Amino acid sequence: MNKPVRCGIDVLLQSAALKQLRLALVTNNAAVTHTGLLSRSALLQQSYRIVQLFSPEHGITVTGADGAAQHNTTDVRTGLPIISLYGNKMAPSEEDLSTADAVLFDIPDVGCRFYTYLWTMTHVMEACAQYNKPLIVLDRPNPIGALLEKAEGPFLDEANCSSFIGRWRIPLKHACTLGELALYFAATRLPALNIEVIPVQNYHRHYTAVHDFEFVPTSPAIQNSETAMLYPGTGLLEGVNINEARGTAHPFTMLGAPWMDADKLCAAVQELQLPGISINTIAYTAAAPPYADHICYGIQVHLTDAQALNAVHTGISLLQTIAACYPQHLQERLYKTHANPSGTEHLDKLLGIQHAFQLLHNPSSIRTDVQQEWAQCITPYLLYH
């Protein structure tokens, strides 16, 4: 029988390490111990000296709307001040860190390059390197799996597509934990950073939240492991004028538009025989743009085999099929966020490549098979087997 997975926060709490230090903590309500206690509350209960909190997109409560600016506030749970890293700044300032001896980072990820918690971590890494503050990353599992052979590209075109949903050159589905990526970025970009990663105990690369540990909702639209598994592919829908069912009970697993023929699309997608999923036709009322309050017709995607799924390939295949079926209807979409106020080139930023929309009409033009190259880059920094 497998031993229970224990996150970095649980490992830290088993020791007396760091208790002599004044600590700043980058966290949110998705960061909990194995007993379900908020990380920051657990640390305070064990007499850790937390002096400052920082929060990412969606705020410390993880309830903020996608892309909406979050403001500095006071934590109702602990009374500590919270500085938002998705408001008027993306990185802590020297003054923000002045009362701390070291910085703790404890935020769950979902294994997808365009999920912003990873990039908040990189901004914190840069600030810690600049202001000579040690950084301790409390690692957590990758809920969608960490087998490198299941990594999927494209690699980010950093020169042309770098943004807050993808700053540095990694695959779209990176198959790593944030701790491993932190070690990789520290070694290759921030050699002056004093960094420590506290690894997850009893964790293996093939584990996923579908079977091996509990999934904690990480944001309003990522509420369960099935959505997280599909998200590196279906999240690409944000870049086109297809509704991705935000605000409904099934975000990123339903997709549609008022002009779509559900039966036609379903038949075309079924012909592809995409592994790890099943689909059915659906009609639903959109709860968010595009087409808010209008009936959308389309398909619902169900995860049937987490190990067989190739999420990015699935998402690209869905987009290419829609482009082939509806060339007169499908368009690029402006997706305005606090980090990208104009909303332009959102599909390029999601996929990490230029002219992504035009490439949808060329089925072989988007390269997802990056496993060998990525393994050569990341293997020295891997923490788990």
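Procedures and definitions
Residues numbered from 1 in each chain as written. Predicted model: local features only at pLDDT ≥ 70, side-chain atom pairs only at ≥ 80, totals over all residues. Heavy atoms only, no water. Salt bridge = Lys/Arg side-chain N within 4 Å of Asp/Glu carboxyl O. Helix = DSSP H or I, 4+ residues; strand = E, 2+ residues; numbered from the N terminus. Buried < 20%, exposed > 50% of the residue type's maximum accessible area, 1.4 Å probe, protein only. Disulfide = S-S within 2.5 Å. Pairing = 2+ DSSP bridges. Contact = heavy atoms within 4.5 Å. Axes fitted to C-alpha atoms, helices over the stretch in contact; angles between N-to-C directions.

(A) Layout of the pattern of salt bridges. Tallying each qualifying case throughout the model produces 15 salt bridges. The closest approach of N and O atoms between D75 and R40, which form a salt bridge, is 2.7 Å. With a gap of 35 residues between them, D75 in the loop between β3 (73-74) and β4 (81-84) and R40 in helix α2 (residues 39-45) connect regions that are remote in the sequence. For the pair formed by D75 and R40, the shared burial category is buried. Between E158 and R189 there is a salt bridge, with its nearest N and O atoms 2.7 Å apart. Pair noted here: E158 is in helix α4 (residues 158-161) and R189 is in helix α5 (residues 178-189), with a separation of 31 residues, a long-range link.

(B) Here's a closer look at the state of the cysteines. According to the stated counting rule, one finds 0 disulfides in the structure shown. The structure places no disulfide on C176, whose sulfur is separated from the nearest cysteine sulfur, that of C377, by 10 Å. In this structure C377 comes out as partly exposed when scored by relative accessible area, which is 25%.

(C) Structural view of the sheet that holds strand β9 (residues 195-198). An order of β3-β4-β2-β1-β5-β6-β9 is seen for the 7 strands of this open sheet, with the pairing classed as mixed. Edge positions in the sheet fall to β3 and β9, since each has one partner strand and no second. When strand β6 (residues 135-138) meets β9, the two strands line up parallel, connected through 4 bridges. Along β9, the bridge assignment pairs V137 with V197. Strands β1 (22-27), β5 (102-106), β6 and β9 of the sheet are contacted by helix α3 (residues 117-130), whose axis makes an angle of about 170 degrees with β5. Against the sheet, α5 makes contact with β5, β6 and β9, and its axis sits at roughly 160 degrees relative to β9, the strand it touches most.

(D) Looking closely at the environment of G87. Inspection of the secondary structure puts G87 in the loop between β4 and β5. Looking at G87, the relative accessible area reads 12%, which means it is buried. When the C-alpha positions of G87 and P56 are compared, they lie 8.9 Å apart, and in sequence the two are 31 residues distant.

(E) Quick peek at the pairing of β5. In terms of burial, β5 is a largely internal element, 5 of the 5 residues being buried. Of the two faces of β5, the one carrying A102, L104 and D106 and the one carrying V103 and F105 are both buried. Pairing analysis gives 5 bridges linking β1 to β5, with the strands arranged parallel. Bridged to V26 within β5 is F105. As judged from the 3 bridges shared by β5 and β6, these two strands associate in the parallel manner.

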